[in-house]
Amino acid sequence: MSSNSGIQIPTRLPLLCTHDGVLLPGSTMRISVDTARNMQLVKSRLLKGTSLKSTIIGIVPNTRDPEHDSDELPSLHSIGTAGLAVQVVGSNWPKPHYTLLITGLCRFRVTQLLRERPFPVAEVEQLDKLEQYTEGDPADGELGELSQRFYQAAVQLVGMLDMSVPVVAKLRRLLDSLPKETLPDVLASMIRTSNKEKLQVLDAVDLEERFKKALPLLTRQIEGLKLLQKTRKLRPDDDKRVLAIRKGGVFPGRQFSLDEEAEDEDGDDTALLEKKVKAAAMPEAALRVCLKELRRLKKMPQSMPEYALTRNYLEMMVELPWSKSTKDCLDIRAARVLLDNDHYAMEKLKRRVLEYLAVRQLKSTLKGPILCFVGPPGVGKTSVGRSIARTLGREFHRIALGGVCDQSDIRGHRRTYVGSMPGRIINGLKTVGVNNPVFLLDEVDKLGKSLQGDPAAALLEVLDPEQNHSFTDHYLNVPFDLSQVLFIATANTTATIPPALLDRMEVLQVPGYIQEEKVEIAHRHLIPHQLEQHGLTPQQLQIPQDTTQEIISKYTREAGVRSLERKIGAICRAVAVKVAEGHKVSRAEQHADENTENKAEDSGIAAPPEMPIVVDHIALKDILGPPLFEIEVSERLTLPGVAIGLAWTPMGGEIMFVEASRMDGEGQLTLTGQLGDVMKESAHLAISWLRSNAKTYLLSNGSTDPLEGTDIHLHFPAGAVTKDGPSAGVTIVTCLASLLSGRLVRSDVAMTGEITLRGLVLPVGGIKDKVLAAHRANLKRVIIPKRNEKDLEEIPAHVRADLDFVFASTLDEVLNAAFDGGFPSAVSHPQVVSKL
């Protein structure tokens, strides 16, 4: 090699001080530039330069601690590396800075610092004169021996790597093509070394010294790889792996890094995933699919998008509880005690759970029942589901279905879609980790329907005991056994549940609570819970039963107990203010003990309240305000043409007033109150029956038609609420009979029942809720259809004892029971028996 073929650098170089590392000739390094001097160098020299010479700068290691760096130029290291700026990348986030890609060319020594600002410029002397290496014979003497030993060590290091990796094969070829004099710098920049060790290699200007500095580093790397290989041989399942190579280029433009800790762990993860698949105890069909996907995963490069999808699928499959289950607690006596402690009343639900436990004792392979609790809000449907899980000793998972309008929420998405994921059923099983949990499908009556499908139809397979043993989620695409899952659905009404879905569930009605039950629930559960939530104790606040009854009757009107709990919470907050003020006054009095004058002044401060604070009727009105609901039955029935009916709503039973008035007109009937078609037809039926029987009940006043020259207006109060159904028929007949006869209906009577043109009274639904509503309103007599007598068995005994039930099969019996002294008729009709 002639002197003209060597690398020649300018005698004056701008200097870049770096903390990031040590740049050696023949290696490439990225350097972050954020200090003022270095930023000025990049802007003035690299960005504005137009010649190749302007891209050559000097890289000097900064040995000062970067945390204690200052504006003053540090003492420069005497040896540096001339580098070629290959790339400059700028960014303004999180602060303005540049990133340089620098390739090392040769060493230089700083002979004189010419200037410090705006960036340092120094006069330099080039140290690496490559032509001197070729003038002598490097194979002779100690230098030749060192170079040969270093070359053999480098070949041994590369031989320990996987030659199937392209970058390793390229490195092996470079070892044969590069001059041996450049190997110390190249290898020292690739292997795992500290900045201090690289600095020693940089400072080794003499080639022989450079070989002596780099050879121990190379030997240490080889010993580390040997130890790692010996450790890996102890694992029989591991295949040959790439031990250590960091992706990058090779000399002269890019850098290798051989690091035993940077090994590729993908093979180990795949082997671990295969172990998990075999240990998951999957059914044969699922195991076959997983092994097939695993074979595809092994052949697939990590860069492919499908690699992550396949891996996520396999991880989901191994996390599912294919054979994991909890052991049921089948002690019926303990279960009864636990259910009674958690919930008051709800005898039907408790009995059904105990029946399930009893059958499980006799038959261990019983399929999980599919129950549907239907009742008004606030009666404890969701909480009793959680209590059932505790009773059985099972895991509990709640799935809220209100507003769900995509069938993929139930069945999952197919894996061909971007962002696909399993449905809520499979996700719930993964969450609980067992295959026999209690699943609560909350608000199943509020499922929607959209262009994405009908989730209620997707639930048909989930809730069918004959099909859910092989439920197929679109994401898994293999059957999963749901037969051991105990499904409990909750709903406020069955009207919006599709018939096919309703047919698959065992419907258990959860009626509203009567007043006595609410009092017990309040003192057993609600009041202690609210005291705990507000930091109070029973020694600070007491709510007598009389006060609780007044809250229930005058401040809440609901089937459940949610409003009752909110009212109790309002009382607790008001008492908490009094208690907190009492503590403050007590502390003020303690500080006022210094002199008697302060005591006299403090006597005006209100004294702490006496404990416990008992909430009576007066305090209740001060805290909750005037009563929201009043008993207005006697006031409403002071005029003819008013009757009380009973209605069923999803919130429970309600009493409903029907008002009628007459005026001169042409015999027209006006209906108001936002009525449905069925209720309008009931009103026309009532008018037709009264007109046809006007003479019989002395309603005609001498004329053949009681509506001759008269208009009738029927109104149902609460006009903003939609009303419909046939059960108001007897109430409308009674209201119109009172109007036409001028007699008052009894103030303590409520009624319900469908009517026919022949005057028959047909059965209706919701009897229990309606009777409880009449009992809450302090009514004494309830008229119901004769064929609904069987429904009274569900009503508590003390409620039946407080009410006088009249079972009517004809309208004549209804009118006689609704008016004091009966409703006289001119002709007595024989008993008509319905043949319907």
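Provided above is the structure to which this section pertains.
Only a predicted model underlies this, so the values are computations on that prediction, with no experimental measurement involved.

Q: How would you sum up the nonpolar core? Please name residues and give values.
A: Within the largest apolar cluster, 49 residues are counted, with the highest numbers of intra-cluster contacts made by L459 and F487. Breaking this core down by element, the ones donating at least two residues are α8 (266-279), α9 (284-299), α10 (305-319), β7 (370-374), α15 (424-432), β9 (438-442), α16 (455-462) and β12 (486-491). Broken down by element, the residue count for this core peaks at six residues, all from α10. Those residues in contact with F487 that sit more than four places away from it in its chain are P369, I370, L371, I425, F439, L441, V462, L463, N468 and L482. Within the second largest apolar cluster, 47 residues are counted, among which are A345, F373, A522 and I571.

Q: Which residues make up the pattern of salt bridges, and what are the values?
A: One pass over the structure, following the stated rule, counts 32 salt bridges. Close ionic contact of E284 with R288 constitutes a salt bridge, the shortest N to O distance being 3.4 Å. With E284 and R288 both in helix α9 and four residues apart, this pair spans about one turn of that helix. When the shortest N-O distance is used, the salt bridge between D454 and K449 registers 3.9 Å. Taken together, the shared-partner salt bridges in this structure form one network comprising E293, R296, E306 and R415.

Q: Let's hear about the sheet that holds strand β13 (residues 506-509): which residues, and what values?
A: Taken together, the five strands give an open sheet; going across it, the order is β8-β9-β12-β7-β13, and neighbouring strands pair in parallel fashion. Whereas interior strands pair on both sides, the edge strands pair on one side only; in this sheet they are β8 (396-400) and β13. Direction aside, neighbouring strands of the sheet carry axes that sit 20° apart on average. Along the sheet face, helix α13 (residues 381-392) touches β7, β8, β9 and β12 and points at about 165° away from the line of β12.

Q: An account of the packing of aromatic side chains is requested, with residue identities and associated values reported.
A: Enumeration over the complete set of coordinates arrives at eight aromatic pairs. On the basis of an interplanar angle of 50° and a centroid distance of 4.9 Å, the ring pair of W322 and F480 is categorised as tilted. Of this pair, W322 sits in the loop between α10 and α11 (332-342) while F480 sits in strand β11 (residues 479-480), and the two are 158 residues apart along the sequence. An identical accessibility class is assigned to W322 and F480; each is buried. Following the ring pairs from residue to residue traces out a cluster consisting of W689, Y697, F819 and F823. Above the face of the Y151 ring, K180 is positioned so that its terminal group lies 4.9 Å from the ring centre. The ring of Y313 has R415 sitting right over it, with the charged end atom 3.8 Å from the ring centre.

Q: Could you give an account of the pairing of β12, with specific residues and numbers?
A: On a regular strand, each side chain points to the face opposite its neighbour's, so the side chains alternate between the two faces of the sheet. Buried residues dominate β12, accounting for six of its six residues. Of the two faces of β12, the one lined by L486, I488 and T490 and the one lined by F487, A489 and A491 are each fully buried. Sheet analysis places β7 next to β12, joined by five bridges and oriented parallel. When the bridges of β12 are listed, C372 appears paired with A489. As paired strands, β9 and β12 are joined by four bridges and run parallel to one another. Paired with L440 across the bridge in β12 is I488.

Basis of the calculations
- Residues numbered from 1 in each chain as written.
- Predicted model: local features only at pLDDT ≥ 70, side-chain atom pairs only at ≥ 80, totals over all residues.
- Heavy atoms only, no water.
- Core = buried A, V, L, I, M, F, W, Y, C linked by side-chain atoms within 4.5 Å.
- Buried < 20%, exposed > 50% of the residue type's maximum accessible area, 1.4 Å probe, protein only.
- Helix = DSSP H or I, 4+ residues; strand = E, 2+ residues; numbered from the N terminus.
- Contact = heavy atoms within 4.5 Å.
- Salt bridge = Lys/Arg side-chain N within 4 Å of Asp/Glu carboxyl O.
- Pairing = 2+ DSSP bridges.
- Axes fitted to C-alpha atoms, helices over the stretch in contact; angles between N-to-C directions.
- Phe/Tyr/Trp six-rings, centres within 6.5 Å; stacked < 30°, edge-to-face > 60°.
- Lys NZ or Arg CZ within 6 Å of the ring centre and 35° of its normal.

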